[in-house]
Amino acid sequence: MDKTWWKESVVYQIYPRSFMDSNGDGIGDLQGIISRLDYLKNLGIDVIWLSPVYKSPNDDNGYDISDYQDIMDEFGTMADWEELLDEVHKRGMKLIMDLVVNHSSDEHPWFAEARKSKDNPYRDYYIWREGKEGKEPTNWYSNFGGSAWEYDEATGEYYLHLFSKKQPDLNWRNPKLRQEVYKMMKWWLDKGIDGFRMDVINFISKPDEFLDGVPKPGKKYASGSQFYRNGLHIHDYLQEMNSEALSSYDVMTVGEMPGVTPELAQDYTSDERNELNMVFQFEHMGLDNGPNGKWDLKPLNLIDLKENLTKWQIALEEKGWNSLYFNNHDQPRAVSRFGDDKTYRVASAKMLATLLHMMKGTPYVYQGEEIGMTNIRFGDIEDYRDIEIMNFYQEQKEEGAPEEQIMESIYVKGRDNSRTPMLWDGSPNAGFTSGTPWIKVNPNYKDVNAEDAQKDPGSVYHYYRKLIQLRKTHEIIVYGRYELLLEAHPELFVYKRTLNGDTLLVICNFYGNETEFEWPDHLPNSSAELLITNYENNQSDKLGTINLAPYETRVYLIK
Ligand code: TEU
Ligand code: CA
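What you are looking at is a predicted structure, and each value in this text was computed from that prediction instead of being measured. (Residues numbered from 1 in each chain as written. Chains lettered and ligands numbered in written order. Predicted model: local features only at pLDDT ≥ 70, side-chain atom pairs only at ≥ 80, totals over all residues.)

Asker: I would appreciate a short explanation of the overall build of the protein in the present structure.
Answerer: If you tally the helices and strands in the protein, you get 17 helices and 22 strands. Overall, the protein is about 75 × 55 × 50 Å in size when its C-alpha atoms are taken along their principal axes. Of all 559 residues assigned to the protein, the portion counted as buried reaches 49%. Residue pairs in contact within the protein that sit at least 24 positions apart in sequence constitute 67% of those at least 6 positions apart. (Helix = DSSP H or I, 4+ residues; strand = E, 2+ residues; numbered from the N terminus. Buried ≥ 20, exposed ≤ 12 C-beta atoms within 10 Å, placed from the backbone. Contact = placed C-beta atoms within 7 Å.)

Asker: Please explain the site of ligand 1 as it appears in this structure.
Answerer: Around ligand 1, a shell composed of 14 residues is seen, among which Tyr63, Asn143, Phe163, Pro258 and Asp330 lie nearest. Grouping the constituent residues of the shell around ligand 1 by class yields five nonpolar, two polar and seven charged. (Near = placed C-beta within 6 Å. Nonpolar A, V, L, I, M, F, W, Y, C, P; charged D, E, K, R; others polar.)

Asker: Just to check I follow, could you spell out the sheet that holds strand 17 (residues 492-499) for this structure?
Answerer: Either a parallel or an antiparallel arrangement is found when strands of a sheet pair, and the pairing is made through backbone hydrogen bonds. Strand order in the open sheet made by the five strands is 16-17-18-22-20, with antiparallel pairing throughout. With one partner strand each, in any of the chains shown, strand 16 (481-485) and strand 20 (528-533) form the two edges of the open sheet. Across the sheet, the axes of successive neighbouring strands diverge by a mean angle of 20°, strand direction being ignored. Pairing of strand 18 (residues 502-509) with strand 22 (residues 553-558) involves six bridges; the strand directions are antiparallel. What sits directly across from Ile507, in strand 22, is Arg554. Strands strand 17, strand 18, strand 20 and strand 22 of the sheet are contacted by helix 12 (residues 345-357), whose axis makes an angle of about 145° with strand 18. (Pairing = 2+ DSSP bridges. Axes fitted to C-alpha atoms, helices over the stretch in contact; angles between N-to-C directions.)

Asker: Help me out: how do you make sense of the pairing of strand 5 (residues 94-99) in this one?
Answerer: Counting buried residues along strand 5, six of its six residues qualify, which places the element largely inside the surrounding structure. Note: strand 2 (residues 47-50) against strand 5, four bridges, orientation parallel. What sits directly across from Leu50, in strand 5, is Met97. Relative to strand 9 (residues 195-198), strand 5 runs parallel, the two being bridged by three bridges. Bridge assignment links Leu99 to a residue of strand 9, and that residue is Met198.

Asker: How should the packing of helix 6 (residues 175-190) against helix 8 (residues 234-246) be read in this particular structure?
Answerer: Each packed pair of helices is defined by two parameters, the angle between the axes and the distance between the axes. Between helix 6 and helix 8, the least distance of the axes is 10 Å, while the angle of their chain directions is 45°. It follows from the interaxial angle that helix 6 and helix 8 lie oblique. As helix 6 packs across helix 8, the resulting crossing turns out to be right-handed. When helix 6 is examined against helix 8, the residues Arg178, Tyr182, Met185 and Lys186 are found in contact with a partner set consisting of Tyr237, Glu240, Met241, Glu244 and Ala245. For the contact of helix 6 with helix 8, the class distribution of residues is five nonpolar, no polar and four charged. (Parallel < 35°, antiparallel > 145°, perpendicular 65-115°, else oblique. Left-handed = near helix turned anticlockwise from the far one by under 90°.)

Asker: Please clarify how the environment of Asp416 should be interpreted in this entry.
Answerer: Examined against the element boundaries, Asp416 turns out to sit in the loop between helix 14 (403-413) and helix 15 (450-455). Considering only alpha carbons, one finds Asp416 and Gln331, 85 residues apart in sequence, at a separation of 8.4 Å. Those residues within four positions of Asp416 in sequence are excluded, and the remaining contacts are Tyr384, Arg385, Asp386, Ile389 and Ile439.

Asker: I tried to follow the domain arrangement of the protein on my own but got confused; where do I start?
Answerer: Interface size is commonly expressed as the accessible surface area that is lost when the partners come together. One can read the domain layout of the protein as domain 1 (7-103 + 175-465), domain 2 (109-160) and domain 3 (480-558). Domain 1 puts 20 residues into the contact, and the matching count from domain 3 is 21 residues. Counting residues per element, the ones that place at least two in the side of domain 1 that touches domain 3 are helix 10 (302-315) and helix 12. Among the elements that take part in the side of domain 1 that touches domain 3, helix 12 stands out by supplying six residues, more than any other. Counted by class, the side of domain 1 that touches domain 3 contains nine nonpolar, six polar and five charged residues. (Domains from an automatic or database assignment.)

Asker: Please clarify how the nonpolar core should be interpreted in this entry.
Answerer: The tendency in soluble globular proteins is for nonpolar side chains to be buried as a group. One finds Ile48, Val279, Leu352, Leu423, Tyr464 and Val506 to be the most contacted residues of the largest nonpolar core, which totals 142 residues. No other element matches the eight residues that helix 12 contributes to this core. Setting aside anything within four residues of it in sequence, one finds Val506 in contact with Thr354, Met358, Val494, Tyr495, Lys496 and Val555. (Core = buried A, V, L, I, M, F, W, Y, C linked by C-beta atoms within 7 Å.)

Asker: Just checking my understanding: could you explain helix 12 for this structure?
Answerer: Turn by turn, an α-helix covers 3.6 residues, leaving residues three or four places apart pointing in a common direction. For helix 12, spanning 13 residues, the distance from its first C-alpha to its last is 18 Å, which sits close to the expected 18 Å at 1.5 Å a residue. With respect to burial, helix 12 is a largely interior element, 13 of its 13 residues being buried. (Expected span 1.5 Å × (residues − 1).)

Asker: I would appreciate a short explanation of the UniProt feature "domain: Glycosyl hydrolase family 13 catalytic" (unreviewed entry) in the protein in the present structure.
Answerer: When the UniProt feature table is mapped onto this chain, "domain: Glycosyl hydrolase family 13 catalytic" (unreviewed entry) is found at residues 13-419. As annotated, residues 13-419 comprises 31% helix and 14% strand, and the C-alpha atoms at either end are separated by 12 Å. (UniProt positions renumbered as here; feature names shortened; annotations may be inferred.)

Asker: Teacher, can you tell me more about the pairing of strand 8 (residues 157-160) here?
Answerer: Residues in a regular strand project their side chains so that they alternate between the two faces of the sheet. Bridge analysis of strand 6 (residues 128-129) against strand 8 gives two bridges, and the strand direction is antiparallel. Counted as the bridge partner of Trp128 is Tyr159 from strand 8. Where strand 7 (residues 149-152) lies against strand 8, four bridges are found, and the strand directions are antiparallel. Note on strand 8: the bridge partner recorded for Glu150 is Tyr159. The antiparallel pairing of strand 7 with strand 8 creates a hairpin that spans four residues between the two strands, and Gly156 there sits at a positive phi of about 70°.

Asker: What exactly am I supposed to notice about unusual backbone geometry here?
Answerer: Leave glycine aside and you will find that most residues have negative phi; peptide bonds, for their part, are mostly trans. One non-glycine residue with positive phi stands out, namely Asn274, at about 55°. Note on placement: Asn274 falls in the loop between helix 9 (262-269) and strand 11 (278-280).

Asker: What is the right way to look at the sheet that holds strand 6 in this model?
Answerer: With antiparallel pairing, three strands are arranged side by side in an open sheet as 6-8-7. Here the strands that pair on one side only, and so sit at the sheet edges, are strand 6 and strand 7.

Asker: Before we go on, may I ask you to explain the environment of Gly76 in this structure?
Answerer: For Gly76, the position within the fold is in the loop between strand 4 (67-71) and helix 4 (78-90). On the basis of neighbour count, Gly76 is assigned to the buried category, with 22 C-beta atoms found within 10 Å. Sequence-wise, Gly76 and Arg123 are 47 residues apart; in three dimensions their C-alpha atoms are separated by 32 Å. Setting aside anything within four residues of it in sequence, one finds Gly76 in contact with Asp29, Leu30, Gln31, Ile71 and Trp81.

Asker: Looking at this model, I keep getting lost on the packing of helix 9 against helix 10. Mind explaining?
Answerer: It is at 10 Å that the axes of helix 9 and helix 10 come closest, and there the two elements cross at 35°. Helix-helix and strand crossings are classified by hand; for helix 9 and helix 10 the assignment is right-handed. Two secondary-structure elements touch here, helix 9 through Pro262, Ala265 and Gln266 and helix 10 through Lys311, Trp312 and Ala315. Looking at the contact of helix 9 with helix 10 residue by residue, the classes come out as four nonpolar, one polar and one charged.

Below is the structure:
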C-alpha cells in the first residue's frame, strides 16, 4: 500500500457559522477563523476541512449554494478567503473545501432560469417530472421531511429535492452540468486548495425510471434511497470527475456517503480505480437508531460497535482507506452520545478519542470535540435553528406526538447539538462573539472552554494533542494491520495493530464501571511501553491482570 500525506494527516472540521465571530454580528466568519489558526496549529492539525462558505440563502446553513464561486456575505469576502488559504499554508497546514453538488440552492441562477420554461437551456440542469394522477411523481420523502417533490406553478411540473425544497437536485445525466461542476472545481483547485469533502456524493446518480418506495405502516411517504444511493452511473461520474478535474492536482478527497457498504467503499477508494481517497461511512452512526430511524432512540450495544468498526477496518485493509470519525456538524456530540458527559466527561472523551485515533485510517476532529464539548438541551423549540429539527418537530406535532417525546429525540439526536458556538473561554458568550450569537451558547462554558483546557495538562485538549503527536512519531499508528481482541467482551473494546514485528495494544473500557483486563498470553509484556493513558500512575500494574478504572484507556507499544 502506498504511503501518502493524507493517510498520515489529522483533519479538523470547521463549521464556520459557529467557530469564531470577528465583527460582533453573532455569526462566525473567515477573519474569525484566521484569528484561531495558531490554536489549530498548536493542536497538531494537518488539514482543515471548511464546511461551506459560499453564497447561500442559508436554508440549510450553507449546504444550499446560490453561487459556487463567491463567498457568503456574512462570512466575509473572497479577499478574506484568499488570506485564510494563505495563512493556513504559511503554517504548514492544508485546506479542503466542501463540494455540494448533489443539489444547489433554488436561488442559484441556474435554477432561476430552469424554472422559467420547459425549453429553457438550464431546464435540464435539474430533475423535472410530471405529476402522477394529480400527485407527486413518486411517494419518496425528502431527508428533511415531507415529499421529495415540489410542484412548480410556472411550468406545471415537479422538481426533485432529496433535502429541503430550497435544495433542488442537480441532474448529473446532463453532460453540460457535469462540465460546469468540473470547471468550478478546477477554479478552486487552481487557487491552491488541497482537496474536497464531497456532500452526499453517492446520491448524484438518479435512476432511469422513478418508482415508488414502500412506506412504513401508516405513513404517506417512503424512502426512495434504494433508487438513488450508489446509483447506476455513480462510478462513471466519479471517474470522470477524477480525470477531468482532480487527477492533475495532489489533493485529497473524501466523499460523504450515507448507505455506503464496505464492499462499495473498496470500489470508491481503491487506488487503481481513480475515484476518491476516502469515504465517510454511516453504519456506526446508525447503531443507536431504532427501526424508525435516527429520531427513534435506542441505546448503543458495544458489541455492535466493535463488530461494525472491525468490519470496516478489515474491508479497507488492502484496498482503499478509512476515514475515522465520531463527530461532525450533523451528529450529536460523541461524549454525550457514547461516553458520560456528566461524571466522566474528561475520562470518557479521552477514551473515545483513543479508540478512534489508534485505528487505521485518517482521523477527523470536529470543532469542540478536542475540548470535550457536550450536547445542549434548550427548553424552548424556538431556540433551535436546524431545518431538520424544525421540520421534525412540526411533523411530530401534527401527528399528535407528545411534546416530551419529541424534545427527547431532539436532545439526543438533533444536529444543533454540534452547532452551538465553539467555547473559547469563560467570558460572556464563551469568547465566540461580542454580540448576540445566532444560536445559544452551551451554558457549561465556564467549565468547558479552550482557554482553560490549554492551561490544564490533564485536559481533553492536551490529550488530543498527544494523540496527534503519537501518530507523527509511530508509523504503526498509521500503517499497522488491525486485529480485534476479546470480541465478545461486553465492556472492553480492545484491539491491536501490528507492523514490522511491533505491536500496538489499545485497551478501552467503554463504560463507567471498573473492570479487569488480562494481558494476552501471546504478547510479551516485558518490553511493553505505555504510550498514552487517561489515568495517572498505572504503568506499574501492566503485568498479568490489569484493573481498569471507569472509561480507562491505555495504549502499549510492544517491540
Ligand atoms: O448530510 C447528508 C445527510 O445524509 C444528512 O441527511 C444527514 O444524514 C443528516 O443530517 C443526519 O440526520 C449532508 C450535510 O452534511 C448536511 O449538513 C446537509 O444538510 C445535507 O447533506 C444536505 O446538503
Ligand atoms: Ca461575524
